[in-house]
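Working through the structure, step by step
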Amino acid sequence: MIVLAVPDLHCPYHHKDAWDFLRDLKKEYKPDKVVCLGDEAEFAGIGFHEINPNMPSPGDELAATVRELKRGLYKIFPKLDLCLSNHTSRPFRRAMKYGLPSQFIRDYRDFLEAPKAYRWADSFEYDKVLFLHGEGFMGKNGHIKAAMDHRQSCVIGHLHGWAGVQYLRSRMGQIFGCNSGCLIDETALAFRWARHFATKVNLGASVIIYGVEARFIPMKI
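Bear in mind the structure is a predicted one, so any value in this text is a computation, not a measurement. Residue numbers restart at each chain and count upward from 1, following the sequence in its written direction. The predicted nature of this model means local features are confined to residues of pLDDT at least 70 and side-chain atom pairs, given and counted, to a pLDDT of 80 or more, with totals for whole chains, interfaces and linings taken over all residues. Note: side-chain values were computed over all heavy atoms of the structure, leaving out hydrogens and water.

Right, let's talk about helix α6 (residues 142–150) for a bit. Residues spaced three or four apart along an α-helix point in a common direction, a consequence of the helix completing one turn every 3.6 residues. Per-residue accessibility, obtained with a 1.4 Å probe over protein chains only, is compared with the maximum for each type, and a residue is labelled buried under 20%, exposed over 50%, and partly exposed between these values. In DSSP terms, a helix is any run of H or I states spanning at least four residues, a strand is any run of E spanning at least two, and both are numbered starting from the N terminus. For α6, the complete set of buried residues consists of Gly142, His143, Ile144, Ala146 and Ala147. In the segment just after α6, arginine 151 is the residue with positive phi, at about 60°.

In structure tokens, the structure reads:
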């Protein structure tokens, strides 16, 4: 099958051209399956780091997130698999920190008002390729490390500053690691902490063809 991997959006702080870019990819590649690699939402207002006082309140941010997801992601992809990730899981991590049991917490589909055909899991596997968010892997070689550690082809997001594909081959066969970049607006207040970083974000998404070929498709800006 052909799989389209949508990387980190961090709504409502996604790039202004993200929805048009994803529509174009869907039209061009006609994917059989679409997976979001996680961090579809930012939730900066309930983060664990210093919060910019000029940003929206957590409630306003959630309302903006749902509004943008409905306008873009939900409309473009009525059916979607989503990898569990560090940002979208912030409400649950906050609840755990303060001792709230799961019975008090709404699930992803509920508070994000997502379509019924959306499902979340730690990872998904299609054509023997593993799709996951990428927590635990760092730096420009994070995608390669993921493939080596899992001993199979892997597609990750999470690492905004790098993107691309690396193939690895041994006597057991060939696998690849694919870093899908992100689709964020790096000028947003939510990412002000990274403004002095020399390495800027790589905008794009990935397409996996029949489990053997991976392509990172950069977004033209």
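Having seen it, we continue.
Attention shifts here to the state of the cysteines. Criterion for a disulfide: a pair of cysteine sulfur atoms within 2.5 Å. Tallied over the full model, the rule gives zero disulfides. Cysteine 36 provides the cysteine sulfur closest to cysteine 11, a residue in no disulfide bond, and the two sulfurs are 8.7 Å apart. By relative accessible area, cysteine 11 is classed as buried at 0%. With no disulfide of its own, cysteine 154 lies 10 Å from the sulfur of cysteine 178, the closest cysteine sulfur. Cysteine 154 sits in the buried class, given a relative accessible area of 0%.

A side chain of one charge can pair with a side chain of the opposite charge if their charged atoms are brought near each other. Definition used for salt bridges: Asp or Glu carboxyl oxygen within 4 Å of a side-chain nitrogen of Lys or Arg. Scanning the entire structure with this criterion turns up nine salt bridges. Aspartate 20 is paired through a salt bridge with arginine 23; the nearest N and O atoms lie 3.0 Å apart. Taken together, the residues aspartate 20 and arginine 23, both in helix α1 (residues 18–29) and three residues apart, mark about one turn of the helix. The exposure class assigned to aspartate 20 is partly exposed, which follows from its relative accessible area of 46%. Linking aspartate 110 and arginine 106 is a salt bridge whose minimum nitrogen-to-oxygen distance equals 3.7 Å. Relative accessible area serves as the criterion here: at 38%, aspartate 110 is assigned to the partly exposed category.

The next subject is the nonpolar core. Here the nonpolar core consists of buried residues drawn from Ala, Val, Leu, Ile, Met, Phe, Trp, Tyr and Cys, with membership extended through side-chain atoms lying within 4.5 Å. By size, the foremost hydrophobic cluster in this structure holds 43 residues, and its most contacted members are Leu22, Leu73, Phe77 and Tyr118. Looking at this core, the elements that each hand over two or more residues are β1 (2–6), α1, β2 (33–36), α3 (73–76), β3 (80–83), α5 (108–111), β4 (118–121) and β10 (204–209). Ranked by residues supplied to this core, first place goes to α1 with six residues. Between two residues, a contact is recorded if the distance between any of their heavy atoms is within 4.5 Å. The residues contacting tyrosine 118, other than those within four sequence positions of it, are Leu73, Tyr74, Phe77, Pro78, Lys79, Leu80, Leu82 and Arg109. Counting 14 residues, the second-largest nonpolar core is a separate cluster that includes Val35, Leu37, Cys83 and Ile208.

By convention, a stacked pair of Phe, Tyr or Trp rings (six-membered ring in the case of Trp) has centres within 6.5 Å and planes under 30 degrees apart, an edge-to-face pair has planes over 60 apart, and any other such pair is tilted. For the structure shown, the criterion picks out 11 aromatic pairs. Pairing phenylalanine 92 with tyrosine 108 gives two aromatic rings, centres 4.7 Å apart and planes at 55°, and the pair type is tilted. A residue pair is termed long-range when its members are at least 10 positions apart, and phenylalanine 92 in helix α4 (residues 90–97) and tyrosine 108 in helix α5 qualify at 16 residues. Phenylalanine 92 gets classed as partly exposed once you look at its relative accessible area, which sits at 25%. With a centroid separation of 5.9 Å and an interplanar angle of 50°, the aromatic rings of phenylalanine 92 and phenylalanine 111 are classed as tilted. One end of the pair, phenylalanine 92, is in helix α4; the other, phenylalanine 111, is in helix α5, with 19 residues separating them in the sequence. Take phenylalanine 111: its relative accessible area is 7%, and that puts it in the buried class. Members of the aromatic cluster, each reached through a chain of ring pairs, are Phe43, Tyr74, Phe92, Tyr108, Phe111, Tyr118 and Trp120.

Taken in spatial order, the five strands line up as β5-β6-β7-β9-β8 in an open sheet, and their pairing is mixed. Both edges of this open sheet fall to β5 (123–126) and β8 (163–170), since each of them pairs with a single strand only. Averaged over all pairs of adjacent strands, the angle between strand axes in this sheet comes to 15°, irrespective of strand direction. Relative to strand β7 (residues 154–156), strand β6 (residues 129–132) is paired through two bridges, and the arrangement is parallel. Bridge pairing links phenylalanine 131 to valine 155 in β7. Angular values range over 0 to 180 degrees, each being the angle between N-to-C directions of two axes fitted as lines to C-alpha atoms, with helices fitted over their stretch in contact. Seen against the sheet, α6 touches β6, β7, β8 and β9 (173–180) and runs at an angle of roughly 35° to β8. Here, strands pair whenever DSSP counts at least two bridges between them.

If you check which residues of α4 are buried, you get Arg90, Pro91 and Ala95. Across the axial projection of α4, the buried residues extend over an arc of 140°, all falling on one side. Those residues of α4 that are exposed and angled more than 90 degrees off the buried face are Met96 and Lys97. In this fold, the buried residues of α4 make contact with α5. Following α4 by one or two positions, glycine 99 has its phi on the positive side, about 80°. The reported arc concerns the directions from the helix axis to the C-beta atoms and nothing else.

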